Amino acid sequence: MSMVLVPATNVSATATTARSFAVSLVDATANALHKLATRIAEAGRPYEPRTAEELIEWANSYEATQPSYAADLRAAALHAQEIAGRAKYN
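Residues numbered from 1 in each chain as written. Predicted model: local features only at pLDDT ≥ 70, side-chain atom pairs only at ≥ 80, totals over all residues. Heavy atoms only, no water.

*Asks:* I would appreciate a short explanation of the pattern of salt bridges in the present structure.
*Replies:* Opposite charge on two side chains permits pairing when their charged atoms draw close. According to the stated counting rule, one finds one salt bridge in the structure shown. When the shortest N-O distance is used, the salt bridge between R74 and E63 registers 2.7 Å. Pair noted here: R74 is in helix 3 (residues 67–89) and E63 is in the loop between helix 2 (52–62) and helix 3, with a separation of 11 residues, a long-range link. By relative accessible area, which is 31% here, R74 ends up partly exposed. (Salt bridge = Lys/Arg side-chain N within 4 Å of Asp/Glu carboxyl O. Helix = DSSP H or I, 4+ residues; strand = E, 2+ residues; numbered from the N terminus. Buried < 20%, exposed > 50% of the residue type's maximum accessible area, 1.4 Å probe, protein only.)

This is the structure:
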């Protein structure tokens, strides 16, 4: 009596490759949609400067229309730089 070996799955290599590609495509699409949703959510939030350099950039943008506000922003940036300078040496 002879034995015939049959693979456990009846899926061809082409079908496996196609399924793998489909899974990759769905994964890439889901990641892209997540990034897009994150950007849309962040677009609605007001931007806040995080560094002294960003405060100075804001001051420069407000200089022509609101010089006193620009001066306040520069003072805040200078104060932040002074605090950061003290923190380095303590």
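*Asks:* Explain the nonpolar core here, please?
*Replies:* The nonpolar side chains of a soluble globular protein tend to be buried, and buried together. Core analysis: the largest hydrophobic core is formed by six residues, namely A52, L55, A59, A70, L73 and A77. Look past the residues within four positions of A77 in its chain and what remains in contact with it is A52, L55 and I56. (Core = buried A, V, L, I, M, F, W, Y, C linked by side-chain atoms within 4.5 Å. Contact = heavy atoms within 4.5 Å.)

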